[in-house]
Amino acid sequence: MFEAQHLYIDGQWTEPVDGTVQDLIDPATGRPSGRVTLGGVADAERAIRAARGAFPAFSTTSVAERGELLEAIGAEYARRAEDMAEAVTADLGSPIQISRTLHVQAAQPQFQHAAEALGRIEFVARRGSTWVRRESIGVCTLITPWNFPALQPAGKVASAIAAGCTVVLKPAQLSARTALLLAEILDTAGVPAGVVNVVLGRGSDLGDVLNSHPEVDMVSFTGSGPVAEGVAGAAAPTAKRLVTELGGKSAQIVLPDADLNMAVETAVFYGIGNSGQICGASSRTLVPRERLEEFLSLLTARVNELKVGDPRAEETFLGPVVSAEQWDTVQDYIGQGIDAGTRLVTGGPGKPALPDELAGGHFVKPTVFADVTNDMTIAREEIFGPVLSVIAYDTVDEALRIANDSPFGLCGYITSADPEGARAVAEQMRTGYVLINDAAFDFNTAWGGYKQSGNGREWAEFGISEYLETKSIVGVVP
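Residues numbered from 1 in each chain as written. Predicted model: local features only at pLDDT ≥ 70, side-chain atom pairs only at ≥ 80, totals over all residues. Heavy atoms only, no water.

Q: Whenever I open this one, the overall build of the protein confuses me. Can you help?
A: In terms of helices and strands, the protein carries 16 helices and 23 strands. For 478 residues, the compact-globule estimate of 2.2 N^0.38 gives 23 Å, and the protein sits close to it at 23 Å. Counting across all 478 residues of the protein, residues that qualify as buried make up 59%. In the protein, once contacts between residues fewer than 6 apart in sequence are set aside, the share between residues at least 24 apart is 74%. (Helix = DSSP H or I, 4+ residues; strand = E, 2+ residues; numbered from the N terminus. Rg over C-alpha atoms; globule rule 2.2 N^0.38 Å. Buried < 20%, exposed > 50% of the residue type's maximum accessible area, 1.4 Å probe, protein only. Contact = heavy atoms within 4.5 Å.)

Q: How should I be thinking about the side chain of Asp26 in this particular structure?
A: Looking at the secondary structure, you find Asp26 in the loop between strand 4 (20–25) and strand 5 (32–38). Sequence-distant contacts of Asp26, that is, excluding residues within four places in its chain, are made with Arg31, Ser33, Arg312 and His362.

Q: Just to check I follow, could you spell out unusual backbone geometry for this structure?
A: Most peptide bonds take the trans form, and the phi angle of most residues other than glycine is negative. Even without being glycine, Asp10 reaches a positive phi, approximately 55°. With respect to the helices, strands and loops of the structure, Asp10 is situated in the loop between strand 2 (7–9) and strand 3 (12–14). Take Asp10: its relative accessible area is 39%, and that puts it in the partly exposed class.

Q: Can you walk me through helix 6 (residues 151–163) in this structure?
A: Every α-helix winds through 3.6 residues per turn, so residues three or four apart in the chain are directed the same way. Spanning 13 residues, helix 6 covers 18 Å between terminal C-alpha atoms, matching the ideal 18 Å at 1.5 Å per step. Backbone geometry just downstream of helix 6 places Gly164 in the positive-phi region, at approximately 85°. (Expected span 1.5 Å × (residues − 1).)

Q: Is there a simple way to think about the sheet that holds strand 13 (residues 251–254) in this case?
A: Strands sit in the order 15-16-17-14-13-19-20 across an open sheet of seven strands; the sheet is mixed. Edge strands, defined here as strands with exactly one partner in the open sheet, are strand 15 (343–346) and strand 20 (433–436). Strand-to-strand twist in this sheet, taken as the mean axis angle between neighbours without regard to direction, amounts to 25°. Across three bridges, strand 16 (residues 367–370) lies against strand 17 (residues 387–393) in parallel orientation. Paired with Val368 across the strands is Leu388, a residue of strand 17. Where helix 11 (residues 292–304) meets the sheet, its contacts fall on strand 14 (284–288), strand 15, strand 16 and strand 17, and the angle it forms with strand 15 comes to roughly 45°. (Pairing = 2+ DSSP bridges. Axes fitted to C-alpha atoms, helices over the stretch in contact; angles between N-to-C directions.)

Q: Teacher, can you tell me more about the pairing of strand 7 (residues 130–136) here?
A: The side chains of a regular strand alternate, first on one face of the sheet and then on the other. Where strand 6 (residues 124–127) meets strand 7, four bridges bridge the pair, whose relative direction is antiparallel. In the strand pairing of strand 7, Arg127 is matched with Thr130. Hairpin connection between strand 6 and strand 7: a loop of two residues separates the two successive antiparallel strands, and Gly128 in this loop has a positive phi of roughly 65°. Note: strand 7 against strand 23 (residues 468–474), seven bridges, orientation antiparallel. Along strand 23, the bridge assignment pairs Glu135 with Glu469.

Q: Please clarify how the environment of Ile161 should be interpreted in this entry.
A: Mapped onto the elements, Ile161 comes out in helix 6. By relative accessible area, which is 1% here, Ile161 ends up buried. Separated by 91 residues in sequence, Ile161 and Leu70 place their C-alpha atoms 7.6 Å apart. Residues within four places of Ile161 in sequence aside, it is in contact with Phe58, Arg66, Leu69, Leu70, Ile73, Val195 and Val196.

Q: Would you mind showing me how to read the pattern of salt bridges here?
A: Where charged atoms from two side chains of opposite charge come close, those side chains can pair. Counted by the stated rule, this structure contains 26 salt bridges. Across the pair Glu215 and Arg52 runs a salt bridge whose closest N-O atoms are separated by 2.7 Å. Placement of the pair is Glu215 in the loop between helix 8 (203–212) and strand 11 (218–222) and Arg52 in helix 1 (residues 41–59), with a sequence separation of 163 residues. Assessed through its relative accessible area of 24%, Arg52 is described here as partly exposed. In this structure, the salt-bridge partner of Lys471 is Glu135, at a minimum N-O distance of 3.2 Å. Residue Lys471 is located in strand 23, and its partner Glu135 is located in strand 7; the two are separated by 336 residues in the primary sequence. Residue Glu135 is classed as partly exposed on the basis of its relative accessible area, which comes to 22%. When salt bridges with common partners are traced through the structure, they connect Arg52, Glu215 and Asp217 into a single cluster. (Salt bridge = Lys/Arg side-chain N within 4 Å of Asp/Glu carboxyl O.)

Q: Even after reading the chapter, I still don't get the UniProt feature "domain: Aldehyde dehydrogenase" (unreviewed entry) in the protein, so can you show me in this structure?
A: Residues given the UniProt feature "domain: Aldehyde dehydrogenase" (unreviewed entry) here are residues 13–473. As annotated, residues 13–473 comprises 40% helix and 20% strand, and the C-alpha atoms at either end are separated by 42 Å. (UniProt positions renumbered as here; feature names shortened; annotations may be inferred.)

Q: In this structure, what is going on with the packing of helix 3 (residues 81–92) against helix 4 (residues 96–107)? I would like to understand it.
A: For any two helices packed against each other, the geometry is given by the interaxial angle and the distance between the axes. Two elements in contact, helix 3 and helix 4, have axes separated by 8 Å at closest approach and are oriented at 110°. As the angle between them shows, helix 3 and helix 4 are arranged roughly perpendicular. For the element pair helix 3 and helix 4, the recorded crossing hand is right-handed. Along its contact with helix 3, which presents Ala81, Glu82, Met84, Ala85, Glu86, Val88, Thr89 and Leu92, the element helix 4 presents Ile96, Ser99, Arg100, His103 and Val104. Of the residues belonging to the contact of helix 3 with helix 4, the class tally is seven nonpolar, three polar and three charged. (Parallel < 35°, antiparallel > 145°, perpendicular 65-115°, else oblique. Left-handed = near helix turned anticlockwise from the far one by under 90°. Nonpolar A, V, L, I, M, F, W, Y, C, P; charged D, E, K, R; others polar.)

This is the structure in structure tokens:
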């Protein structure tokens, strides 16, 4: 059983002032797997004070010093990579191979990427007799979700450190193991006391103080739109900078000349992988009407051969969703899809057949709906489960209209035999990130969305810039 009774504040492992104990539940079995002690308002305030106290010294460190620190963190992270993968699997129920690749191999390089990006940012520039400086914004609250418990904290912390900021990280309580392991990595790598503080706790308990405190200068939040409204409301009275990455309902456009096998792999990996718990999941697949049945035949065969089961088994592709609550949510959406008159191609309500030891786990059948129209709830709302909606189209212009007809604009996917044509389509998608064909995900470029998918960007110099203020000093004598 995993036991954690301490928070990481001001470079020390410390017991919460007003802590409460919470059981951790194994998503694969539904049984308790550990206990953590959550902090309260007094602990959040302690962490903010520690970050404020550390800011004057850390913000004046040189770019070279911060780059060296980031490289040291990256090296320690690499040393603990397998530990982190196991923590992700325990927290999220992600299959261990997915934890190593989709999660840890994306998170670990964030520190090296940030170190390299420092060389691409002009921190001081002269324009005639005026000097323009980029300076650390201050103390930052970082609020991260459970679905990417390694990548999200790593990306935000790396950018903040690169900018010379100090932070209070509040991870989702469901991902306590990964957050505390990150604190161990930062501590071992030599991050100065107070620069990064990690406070476990419920958002309903800590949110107001972390987002409204006058000593906090910026809030970076990843999560749902409704929660973001509360975060924005708390941050507004003190005019804090707010960077958000919210939901998505991303479309994959399968162009008429596409390799359908490649299109199927994209739909499976980005739509069903991680049990569909991906903000940028390719949950709407747009297919030429004349190729629809061929695509569905290939997709069904591929989905039905996926290994669903124990996330600790090397061969498993699909594990459980994170919690019983999330399982109920996904089941409700599957029911809405059936009630809307769609064609249930494979999957459906209930749990897949699994061994008795996994009977209490939060497993969802990978599910594909066809004959979906873009006005249906399952095509408009983020399900966060392994559920794909396949929508037929007649022209590429119609496909673009359907893809863009969404309140979200986080990610997009295009499959085509013509890279130039695919790029032309990508340029018309109202999303912050587009993947063409089987290109590997680039974690060293800008990540963020249009519309209700959020404001601002993360990763590399784009993420670092969110943590910087711009100052002009006019009339400087040469």
